[in-house]
Amino acid sequence: MLRRLHGLVGTKRTPAGRAVQRDTFELTLDDGQSLEVERRRDPRARRIKLSVSDRGVRLTLPPRASASAAARFAHEHRQWLALQLELHTRDVPPPLLWDVSTTLPLRDAERPLRWERGRFTRIESAADDALVFLLPERAGPAAQARALRDFYEGEARADLARWMPDYLDGLPRAPRRFRFKLMSSRWGSLAPDDSVALDLSLVLARPSAYRYVLVHELCHLLQANHSPAFWAEVETRMPHWREEREYLRVHGSRLKAAMRSLLATGTHTA
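What you see is a predicted model, and the numbers here were worked out from it, not measured in a lab. (Residues numbered from 1 in each chain as written. Predicted model: local features only at pLDDT ≥ 70, side-chain atom pairs only at ≥ 80, totals over all residues. Heavy atoms only, no water.)

Trainee: Mind showing me how you'd approach the packing of helix H4 (residues 207–219) against helix H6 (residues 241–264) here?
Mentor: Between two packed helices, the angle of one axis relative to the other and the distance separating the axes together describe the packing. At a closest axis distance of 9 Å, the pairing of H4 and H6 adopts a crossing angle of 105°. In terms of orientation, H4 lies roughly perpendicular with respect to H6. Between H4, through Ser-208, Ala-209, Tyr-212 and Val-213, and H6, the contact on the second element is made entirely by Trp-241, Glu-244, Arg-245, Tyr-247 and Leu-248. Its residues assigned to classes, the contact of H4 with H6 comprises 6 nonpolar, 1 polar and 2 charged. (Axes fitted to C-alpha atoms, helices over the stretch in contact; angles between N-to-C directions. Helix = DSSP H or I, 4+ residues; strand = E, 2+ residues; numbered from the N terminus. Parallel < 35°, antiparallel > 145°, perpendicular 65-115°, else oblique. Contact = heavy atoms within 4.5 Å. Nonpolar A, V, L, I, M, F, W, Y, C, P; charged D, E, K, R; others polar.)

Trainee: Whenever I open this one, the nonpolar core confuses me. Can you help?
Mentor: Taken as a class, soluble globular proteins show a tendency for nonpolar side chains to be buried jointly. Membership of the largest hydrophobic core comes to 51 residues, with the highest contact counts inside it found for Leu-104, Phe-133, Leu-148, Tyr-152 and Leu-198. For Tyr-152, the residues in contact, after removing those within four places along its chain, are Leu-104, Pro-105, Leu-106, Leu-200, Val-203, Leu-204, Met-259 and Leu-262. One finds Leu-35, Leu-50, Val-57 and Ala-70 within the second-largest nonpolar core, a separate group that totals 18 residues. (Core = buried A, V, L, I, M, F, W, Y, C linked by side-chain atoms within 4.5 Å. Buried < 20%, exposed > 50% of the residue type's maximum accessible area, 1.4 Å probe, protein only.)

Trainee: When you look at the pairing of strand S8 (residues 109–117) in this model, what are you seeing that I'm missing?
Mentor: Along any regular strand the residues' side chains alternate between the sheet's two faces. The sheet contact formed by strand S7 (residues 103–106) and S8 spans 4 bridges and is antiparallel. Paired with Leu-104 across the bridge in S8 is Arg-111. Between S7 and S8, which pair antiparallel in sequence order, lie 2 residues; one of them, Arg-107, sits at a positive phi of approximately 50°. Inspection of the sheet shows S8 paired to strand S10 (residues 131–135) by 5 bridges, in the parallel sense. Each residue of the ladder has a partner; that of Glu-116, found in S10, is Leu-134. (Pairing = 2+ DSSP bridges.)

In structure tokens form, the structure reads like this:
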């Protein structure tokens, strides 16, 4: 069941100057739960897309998509949406607590975590494969969050260093640089200057899914589109890419929510 809640609630200009129109509507799931969905008509969109993030549920439409087609799409995907909402809120780690939290998520696993006082705020790997979070007595939330982000980015870059030699052969050039940030829906992007942006949350995923996103962006150096030729390049480098894309489709919202939760305020002292 769909019911419109508001009229046009906002517009945003795209780089080409065309407006993104936004409103919201109510979607009722099979269990009777009512959701407020943001509907965005985006001139850059090529297909109808339903997504879930920590900001809520969003339905994106291309300019020529009809309202009835959008409503039908949302209704037909309500079971998928219910699953995404469950995954989004399940297994999201709480803020870290000094001397209480005993694990830290990394590469689709939970690493043992110990707490120690130290001169500098940082996370180190111990000989027994545990992680040690070192905190000075007066370390505040900002310093703690920065140390956590630095640790995750360091691990993500270490993965890149191991994997990149496998994929450089056959590329016209290497990426100019890699940047890590939190993305609301995408997992990566290739800029016109050949720099690659990757979602930091990938370091929480299984490594094969992270590899898929890397391969995906590297193949854009060969094909700046999503044509059959592009997917053929991906297939050559990663024949099982569909399994990894499905993994991110199912677990992506949870992974993104987990990283945002971990980095929101840093650790907390009990």
